Protein chains: 2
Amino acid sequence: MSLLIRHAKVLRILPGPQTRVLNEQDVRIEGARIASVEPASDNPAPADEVLDARGMLLMPGLINSHSHVPMVIFRGLAEDVSLEKWFNEYMWPLESNLQEEDVYWGMLLGLAEMIEAGVTCVADHYFFMDRAAEAVQQAGTRAALGWAVFGNQGIEALDRTAQFCRRWNGAANGRITTWMAPHAPYTCDDDFLGAARDRADELGVGIHIHVAETRDQTAAHVKKRGVTPIRLLDDLGLLRLPSLLAHAVGATEEDIRLLADRPAAVAHCPKTYLKLAMGIAPVVAMRKAGVTVGLGTDGAVSNNTLDVWESLRLMAMTQKQATGAAENMTLAESLEIATRGSARAVGLGDRIGTVEPGYLADLILVDLGGPHHQPLHSVPASLVYAARASDVQTVIINGRVIMRDRRLLTLDKAEIIRQVSRSLERLSRRVPASRIQVYAP
Amino acid sequence: MSLLIRHAKVLRILPGPQTRVLNEQDVRIEGARIASVEPASDNPAPADEVLDARGMLLMPGLINSHSHVPMVIFRGLAEDVSLEKWFNEYMWPLESNLQEEDVYWGMLLGLAEMIEAGVTCVADHYFFMDRAAEAVQQAGTRAALGWAVFGNQGIEALDRTAQFCRRWNGAANGRITTWMAPHAPYTCDDDFLGAARDRADELGVGIHIHVAETRDQTAAHVKKRGVTPIRLLDDLGLLRLPSLLAHAVGATEEDIRLLADRPAAVAHCPKTYLKLAMGIAPVVAMRKAGVTVGLGTDGAVSNNTLDVWESLRLMAMTQKQATGAAENMTLAESLEIATRGSARAVGLGDRIGTVEPGYLADLILVDLGGPHHQPLHSVPASLVYAARASDVQTVIINGRVIMRDRRLLTLDKAEIIRQVSRSLERLSRRVPASRIQVYAP
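Residues numbered from 1 in each chain as written. Chains lettered and ligands numbered in written order. Predicted model: local features only at pLDDT ≥ 70, side-chain atom pairs only at ≥ 80, totals over all residues.

Undergrad: An account of the overall build of chain A is needed here, citing residue identities and associated values.
TA: A count of helical and extended segments in chain A gives 15 helices and 17 strands. Here chain A has a C-alpha radius of gyration of 21 Å; the compact-globule value for 441 residues is 22 Å, and the two agree. The dimensions of chain A, computed from C-alpha atoms along their principal axes, are 65 × 50 × 45 Å. Classification of the 441 residues of chain A by burial places 62% in the buried group. Within chain A, contacts between residues at least 6 apart in sequence are counted, and of these 74% link residues at least 24 apart. (Helix = DSSP H or I, 4+ residues; strand = E, 2+ residues; numbered from the N terminus. Rg over C-alpha atoms; globule rule 2.2 N^0.38 Å. Buried ≥ 20, exposed ≤ 12 C-beta atoms within 10 Å, placed from the backbone. Contact = placed C-beta atoms within 7 Å.)

Right, here's the structure in full:
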């Protein structure tokens, strides 16, 4: 199959980082990959499918580098509460109601939401992940999946998650990759974390884990263990493997130096940090030290949506605010993090995140013609500060058109919403005594 | 003319603040006002126009309580720069290119953007405001307009802005109200501010002014004058009149106590504060003291859009973060600020901001059926944390349908964009030496 996108503006992120917008380009896709990006021709070679992208911007699909997608089923159920209450009185009691079917339909609902918002790839960390993988297979999206596991579930549970990794790594024409996904240092003891590391090592996969979610968490860990949680992960050998660390809001300067020396990346999810008053992650310092940073949404119970445009904008703004310097986190750097940065974070830096020949064709067409973008003095400014999820018109993943003119081609949205709504009452029940875990870092 | 909206969910903000969602309501509008809100009837009395609102939420139109709407023409031209550079090297040089026609077309473009985002009223503060008023008249929206003026333009210029107030107050079937609009204490001397107060007093209008935009500004003012800029406005008698104070990020505890005793309101525009690293306004403390707070977007050169949904969300999140308590700025309080709070702030608290009989029918229908709202466990959570401008389907102002199913009925969007684009090159020229003002507070 070949696909030709005609007359597009193309967003190019250059090292530096700098941005360039190439006008009037024809982009040819052969199979799953970008074959060429060239000035528009009057007589292009034929293709199986042609998209007219006049007036649109072609850019890499957005990547959600940390989420718990099926949690959309609990959206809006834990508002205006502290982090501790959020875990102990809301999230973990709610999840004691969780059934395999919920994960399947929740994953489909979240994938529909993300496709409509131009998100082509997600690093997801949740339960019953075989069902999540089925949903990804069906939706036609890309995903790096990890089956979340707590230390008190025991080594057998860990082994089941390793079997999941083996079963699905490289599946769905290579669209699915896998990680080991122990929950966090405060819910997994050292032996368990070491065992997770061994499984990942044997399987040749990375590790996706929560760590240093707040400065208080770091301080409590130092008091208990004498080292920061990030240092502990390194001492246990986890950071020798490619690892994706969710949050790291409480990373110390020493932690940041350490991460810069390891094949580790940080998934940054600013909406959760704001809503739960968790502090602001030191992203400017991380980037300066050379740490890879990607953007994520986290789950929809702390974010409420899976909108990576919003993560992008919040990152740029909160970093300016936190460092007291509006010159920090420029348009170009923000867009670099949202594209190449997130691609590296999810372990696919050599395959996605840029509109260049040889890369996989995970691409979106964005309409910048709405009044909220006009007049279009600056495409980068519009993308970071004015774009809405609803501006995404067309989504291509692995060379295949998944949404065209805002119509989903792989999923039946009405049926998915109907299925999720059937469980509304059961899902909103929560019995604090039956929580699946306790937050006491 | 009568209008009947059938089978809507209705958002009701109660004192406390509490929110209630009334299901299956019929809302009848007679002329410009809401006549009744009642459980849906099978055989309602006939009406000239009927809207089926099944599956939609009916709520008060959003109010933008501080903006410079025509600045949309410079959108994206001043990025990643400090507040001082933003004024001295970008905004004020750019505005030396400003022509009357730019204000007219810019205002129309911004009104189109706001109608599409469900914003039914704006308190605007800009130049050549006769042209802005013509645009409002044409668009069918509501506006509280002030002609911005600097001290160095002299008393004659102030008098011209007073004549504008007289000319337009109550115009367009009462949709337009006016204010005196001296720019700020740091650009207007005491005599000028006193003269503005006298003109407002004679005309029976309020005052819309920028004040205490950052803590540094407050500190510089205290050093120069011995009092805070808010105290100065009070000493000069401006706060005896209804006044709308933009920003007040640098309000001290004493300023807040003072404001609570005056007919003054604060317009809160959090996106500007984040983007320009200006600090976080003490909104939680203001509200606790009893100060009226409304939401604004500010101009599109600091915000990039005129999206009040985003202001609402950013206010809730940054207040949680700044106070270190996720329990602060609840859903209900945030929605109260966005509706009744903003209505009081723009001087229309007895006329708009709630869906109740007797109030003016400035109303919007919001589609909460998209995947980013599903399953709909909580309407308030969806409005504050998941709604997008593009979810607004239908907009009613003063009893008249202005947008139906996302189609603008009063404005020709393509023509407006064409007109604004014609000036793209001229508008983006800037000659720092020709700036209209200097920022040196």
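Still more ground to cover, so stick around.
Undergrad: Requested: an account of the domain arrangement of chain A, with residues and values cited.
TA: Residues and elements named next belong to chain A. In terms of domain boundaries, chain A breaks down into domain 1 (2-60 + 357-413) and domain 2 (62-345). The distance between the C-alpha centroids of domain 1 and domain 2 comes to 28 Å. On the side of domain 2, 29 residues touch domain 1, which itself brings 28 residues to the contact. Elements that contribute at least two residues to the side of domain 1 that touches domain 2 include exactly strand 2 (18-30), strand 14 (363-367), helix 13 (379-385), strand 15 (392-397) and strand 16 (400-404). Per-element accounting of the side of domain 1 that touches domain 2 gives the leading share, five residues, to helix 13. Looking at the side of domain 1 that touches domain 2 residue by residue, the class counts come to 19 nonpolar, five polar and four charged. (Domains from an automatic or database assignment. Nonpolar A, V, L, I, M, F, W, Y, C, P; charged D, E, K, R; others polar.)

Undergrad: Go over unusual backbone geometry, please, and point to the residues and values.
TA: A:Gln374 connects to A:Pro375 through a cis peptide bond whose omega is -15 degrees. Tracing the backbone shows A:Pro375 in the loop between strand 14 and helix 13. Here the amide bond leading from B:Gly16 into B:Pro17 is cis, since omega sits at -10 degrees, within 30 degrees of zero. Relative to the helices and strands, B:Pro17 resides in the loop between strand 1 (2-14) and strand 2 (18-30).

Undergrad: Which residues make up the packing of helix 4 (residues 154-168) of chain B against helix 5 (residues 190-203) of chain B, and what are the values?
TA: Residues and elements named next belong to chain B. Running from N to C, helix 4 and helix 5 cross one another at 20 degrees; their axes reach a closest spacing of 10 Å. Considering their axes alone, helix 4 and helix 5 lie roughly parallel with respect to each other. The way helix 4 lies across helix 5 gives a crossing that is right-handed. Where helix 4 abuts helix 5, its residues Ile155, Leu158, Ala162, Cys165 and Arg166 lie against Phe192, Ala195, Ala196, Arg199 and Leu203. (Axes fitted to C-alpha atoms, helices over the stretch in contact; angles between N-to-C directions. Parallel < 35°, antiparallel > 145°, perpendicular 65-115°, else oblique. Left-handed = near helix turned anticlockwise from the far one by under 90°.)

Undergrad: Can you explain the pairing of strand 2 of chain B? Please cite residues and give values.
TA: Residues and elements named next belong to chain B. As judged from the 10 bridges shared by strand 1 and strand 2, these two strands associate in the antiparallel manner. The residue bridging Ser2 from the neighbouring strand is Glu30, located in strand 2. The turn linking strand 1 back onto strand 2 is made up of three residues, and Gly16 within it adopts a positive phi angle of 145 degrees. With six bridges connecting them, strand 2 and strand 3 (residues 33-39) associate as antiparallel partners. The residue bridging Arg28 from the neighbouring strand is Ser36, located in strand 3. Remark: two residues form the turn of the hairpin made by strand 2 and strand 3, two consecutive strands paired antiparallel; Gly31 in that turn has positive phi of roughly 65 degrees. (Pairing = 2+ DSSP bridges.)

Undergrad: Any details on the sheet that holds strand 7 (residues 119-126) of chain A? Residues and values, ideally.
TA: Residue and element names in this part refer to chain A. On the basis of which strands lie adjacent, the open sheet formed by eight strands has the order 6-7-8-9-10-11-12-13 and parallel pairing. The outermost strands of the open sheet, each flanked by one partner alone, are strand 6 (62-67) and strand 13 (292-295). Put simply, the sheet's adjacent strands are angled 25 degrees from each other on average, direction ignored. In the sheet, strand 12 (residues 264-268) pairs with strand 13 via four bridges, with the strands oriented parallel. Opposite His268, over in strand 13, you have Leu295 as the bridge partner. In the packing of helix 11 (residues 308-323) onto the sheet, contacts are made with strand 6, strand 7, strand 12 and strand 13, and the angle to strand 13 comes to roughly 130 degrees. Sheet strands touched by helix 12 (residues 331-345): strand 6, strand 11 (243-247), strand 12 and strand 13. Its angle to strand 13, the strand with the most contacts, is close to 110 degrees.

Undergrad: Let's hear about the environment of A:Asp52: which residues, and what values?
TA: Residue and element names in this part refer to chain A. Along the polypeptide, Asp52 turns up in strand 4 (residues 49-52). Residues Asp52 and Gln393 lie 341 residues apart in sequence; the distance between their C-alpha atoms is 12 Å. Beyond its immediate stretch of four places on either side in the chain, Asp52 contacts Arg6 and His7.

Undergrad: Provide a residue-level description of the sheet that holds strand 10 (residues 206-211) of chain B, including the pertinent values.
TA: All names here are of chain B. Spatially, the eight strands line up as an open sheet ordered 6-7-8-9-10-11-12-13, and their pairing is parallel. If you trace the sheet from one side to the other, it starts and ends with strand 6 (62-67) and strand 13 (292-295), each paired once. On average, each strand axis in the sheet is tilted by 25 degrees relative to the strand beside it, whichever way the strands run. The pairing of strand 9 (residues 176-182) with strand 10 spans two bridges and is parallel. If you follow Trp179 over to strand 10, its bridge partner there is Gly206. Its contacts with the sheet put helix 12 (residues 331-345) on strand 6, strand 11 (243-247), strand 12 (264-268) and strand 13, and the angle it makes with strand 13 is roughly 110 degrees.

Undergrad: Hey, could you go over the relation of the copies chain B and chain A for me, with residue numbers and the actual values?
TA: Aligned on chain A, chain B shows an RMSD of 0.0 Å; the corresponding rotation is 180 degrees and the shift along the axis is 0.0 Å. Taken together, these values place the two copies in the relation of a two-fold axis. Closest approach to the rotation axis within chain B is made by the C-alpha atom of B:Ser390, at a distance of 3.3 Å. Looking at chain B, 100% of its interface residues are interface residues in chain A too, so the copies touch through the same face. (Least-squares fit on C-alpha atoms with pLDDT ≥ 70 in both.)

Undergrad: Now, about helix 2 (residues 100-116) of chain A: what can you tell me, with residues and values included?
TA: In this model, helix 2 of chain A (17 residues) spans 25 Å end to end at C-alpha, consistent with the 24 Å of a helix rising 1.5 Å per residue. Backbone geometry just after helix 2 of chain A places A:Gly118 at a positive phi near 80 degrees. (Expected span 1.5 Å × (residues − 1).)

Undergrad: Any details on helix 6 (residues 215-225) of chain B? Residues and values, ideally.
TA: Residue and element names in this part refer to chain B. What helix 6 keeps buried is the set Gln217, Thr218 and His221. The buried residues of helix 6 all sit within an arc of 100 degrees when viewed along its axis, so they share a single face. Those residues of helix 6 hidden inside the fold are in contact with helix 7 (229-235). Phi for Gly226, located one or two positions after helix 6, is positive at around 85 degrees. (Arc of directions from axis to C-beta.)

Undergrad: A description of the confidence of the model for chain A should follow, citing residues and the corresponding values.
TA: Counting all residues, the mean pLDDT for chain A is 96, and 100% of those residues have values of 70 or more. With a pTM of 0.98, the predicted complex shows an ipTM of 0.97. (pLDDT = per-residue confidence, 0-100.)

Undergrad: I'd love a proper account of the packing of helix 2 of chain A against helix 3 (residues 129-139) of chain A, names of residues and values included.
TA: Residues and elements named next belong to chain A. Relative to each other, helix 2 and helix 3 sit at 35 degrees, their axes nearing to 8 Å. Pair helix 2 / helix 3 crosses with right-handed handedness. Between helix 2, through Glu100, Val103, Tyr104, Met107, Leu108, Leu111 and Ile115, and helix 3, the contact on the second element is made entirely by Arg131, Ala132, Glu134, Ala135, Val136 and Ala139. For the contact of helix 2 with helix 3, the class distribution of residues is 10 nonpolar, no polar and three charged.

Undergrad: Quick rundown of the environment of A:Ser311? Include the residues and the values.
TA: Residue and element names in this part refer to chain A. Mapped onto the elements, Ser311 comes out in helix 11. On the basis of neighbour count, Ser311 is assigned to the buried category, with 31 C-beta atoms found within 10 Å. Between the alpha carbons of Ser311 and Ala338 there is a distance of 8.9 Å; along the sequence they are 27 residues apart. Not counting residues within four places of it along the chain, the set of residues in contact with Ser311 comprises Cys269, Pro270, Lys271, Leu295, Gly296 and Thr297.

Undergrad: Hey, could you go over the nonpolar core for me, with residue numbers and the actual values?
TA: Formed by 318 residues in total, the largest nonpolar core has its most connected members in A:Leu58, A:Leu108, A:Leu111, B:Leu58, B:Leu108, B:Leu111 and B:Ala132. Once you skip the residues sitting within four places of it in the chain, B:Leu58 turns out to touch B:Ile5, B:Ala8, B:Lys9, B:Val10, B:Val27, B:Ala53, B:Val355, B:Leu363 and B:Leu365. (Core = buried A, V, L, I, M, F, W, Y, C linked by C-beta atoms within 7 Å.)

Undergrad: Describe in detail the pairing of strand 8 (residues 142-149) of chain A, supporting the description with residues and values.
TA: A regular strand places its side chains on the two faces of the sheet in alternate fashion. Residues and elements named next belong to chain A. Within strand 8, eight of the eight residues are buried, which leaves the element mostly enclosed by the surrounding structure. By the alternation rule, side chains of strand 8 split into Arg142, Ala144, Gly146 and Ala148 and Ala143, Leu145, Trp147 and Val149, which are all buried. A crossover connection joins strand 7 to the parallel strand 8 through helix 3; in handedness this β-α-β unit is right-handed. As paired strands, strand 8 and strand 9 (residues 176-182) are joined by seven bridges and run parallel to one another. Among the inter-strand pairings, Val149 is bridged to a residue of strand 9, identified as Pro182. Crossover handedness for the path strand 8 to helix 4 (residues 154-168) to strand 9: right-handed. (Right-handed = clockwise from strand over helix to strand, strands pointing away.)

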